[in-house]
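Coordinate analysis (summary)
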Amino acid sequence: MNTDKLIDYVKSEMKPSMGCTEPVAIGLAVSNTCRYLENPAEKLVLKVSSNIFKNAFCVKIPNTREAGIPLAAALGYLLTKENNTMEIFANVNDKLVEKAYELLNNNFVEMEAMHDTRFYINVIASNAKETVETVTMDKHDNLVKVVKNGKIILDKEVSENKEEKDFDISEYTVSELVKTAETIEFDKITFLREARDMNLAASEEGLKNEYGLCTGKRLREMMEKGIIPNDLTNYVKSAVAAAADCRMGGGTYPAMTVLGSGNQGFQTTLPIIATAQFMKYDEEKMLRGMFLSIMLTARQKVMVGRLSPVCGAFLAGASAAATITWMLGGNDEQIHGAMKNIYASIAGMMCDGAKDGCALKLATCAGEAVIAARLALAGTIAEKTDGIVSATVEDSINNIGVLSKVGMAAVDMNVIDILMNKK
């Protein structure tokens, strides 16, 4: 394995983001559109793919404690400047929110959910003299097309798997990724300290203050009161859930995303960080574990897709289960078995959009990761007779891909219909 290309690949799939990445992506796409206008926009028209619409519909925007695709778009317009990043909403304040609602009250934004499984955001910004249309595709900050007054300014060929052309992580087995995590030069993965510190800060903030459903905070309080055991399972659950509470509840702490998702980043890294804390492992074991977990999440997401009807916390939970097994001294069979146990237990957990309740899903997946690891170490491993679980973990991953892309293909539009019509 070319470890330099692997490191480049992993780094390319880790970026800080302030707030849930889908409304952030919408705000960034609007900003990237409006900066090509000479005069202020008078109208925005958005067409977004179903996954983005679903994930941006209910989740709170940082510094607002409020949600909404039109609000994200209006704020993106008001924050228009060159070189904005996925932390664009770090500069939101009450005055800006007030201005955004003034625009929205004058029908500034129109939006449409497309029956499209791609990652796709189309923005048309116009005034009396100008029209600019852009397309953001495949990744949250990947602007691929700009057309102004009919003239093409940018039109670059894109591929959903652009990075994988140089490095395709699906070519490697889980055992090979484990071996890599064990043997790679430690200096090459110390960049993960930033992800550790960033995601841990969000978790600690969620444990201290009231955000969203306060899932992590309440779990930790119950541990301290003796209502539930103060053990590894609950320690991991509370740490992960608290970060999601903060992020989904409008907190201003950034997340280090993994493959475009902050919650996926939390679920991939924080169970490993919390396990190392609880078990008093050293930094090297923690960072090697984080590296393994990130690689395993990437290995699964290549088959499932960047955005999917399947909850990313479940996939990252499988990565965490395997990594915790490794941290606790498990062998290859047990590491594979922990992932299979997750597939046999919570596969098919659907994504019904980003919102406060994501903390509950992350808590479930984090807790199940520890239990799946403990069971595998004790010799309990799901077999190929167990539903979608195959003889090998790699074939099981392929089955999850089929379940997501084919079996659950109608989920997103059904979820959107429910979100827009529920009482």
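Anything mentioned here points back to the structure above.
Residues numbered from 1 in each chain as written. Predicted model: local features only at pLDDT ≥ 70, side-chain atom pairs only at ≥ 80, totals over all residues. Heavy atoms only, no water.

1. Concerning the environment of A25
Cut-off, in case you're wondering: Labels follow the DSSP assignment, with helices taken as runs of H or I lasting at least four residues and strands as runs of E lasting at least two, numbered in each case from the N terminus.
Tracing the sequence through the fold places A25 in helix α2 (residues 21-34). Each C-alpha atom of the pair A25 and D141 lies 6.4 Å from the other, and the pair is 116 residues apart in sequence.

2. Notes on the sheet that holds strand β2 (residues 43-49)
To be explicit about the condition: A pair of strands is labelled paired if DSSP reports no fewer than 2 bridges between them. Lines fitted to C-alpha atoms define the axes here, with helix axes fitted over just the stretch in contact, and angles between the N-to-C directions of these axes take values from 0 to 180 degrees.
Spatially, β5-β2-β6-β7-β8-β9 is the arrangement adopted by the six strands of the open sheet, whose pairing is mixed. Every interior strand has two partners, whereas the edge strands, β5 (109-114) and β9 (151-155), have only one. Between one strand axis and the next, the sheet turns through 10° on average, direction left out of account. Pairing geometry for strand β6 (residues 120-126) and strand β7 (residues 131-137), over seven bridges, is antiparallel. Counted as the bridge partner of N122 is V135 from β7.

3. Regarding the state of the cysteines
Any covalent bond linking the sulfur atoms of two cysteines counts as a disulfide. This is how it is decided: The disulfide criterion is simple: two cysteine sulfur atoms within 2.5 Å.
Applying the stated criterion to the full structure yields zero disulfides. Left unpaired, C58 is separated from the closest cysteine sulfur, that of C358, by 9.7 Å.

4. So, the pattern of salt bridges
Rule in force here: Salt bridges are defined by distance alone: a side-chain nitrogen of Lys or Arg within 4 Å of a carboxyl oxygen of Asp or Glu.
One pass over the structure, following the stated rule, counts 20 salt bridges. Between K188 and E185 there is a salt bridge, with the nearest N and O atoms lying 3.8 Å from each other. Measuring nitrogen to oxygen at the nearest pair gives 2.4 Å for the salt bridge that ties K355 to D352. Where salt bridges share partners, they join R193, R196, D197 and E283 into one cluster.

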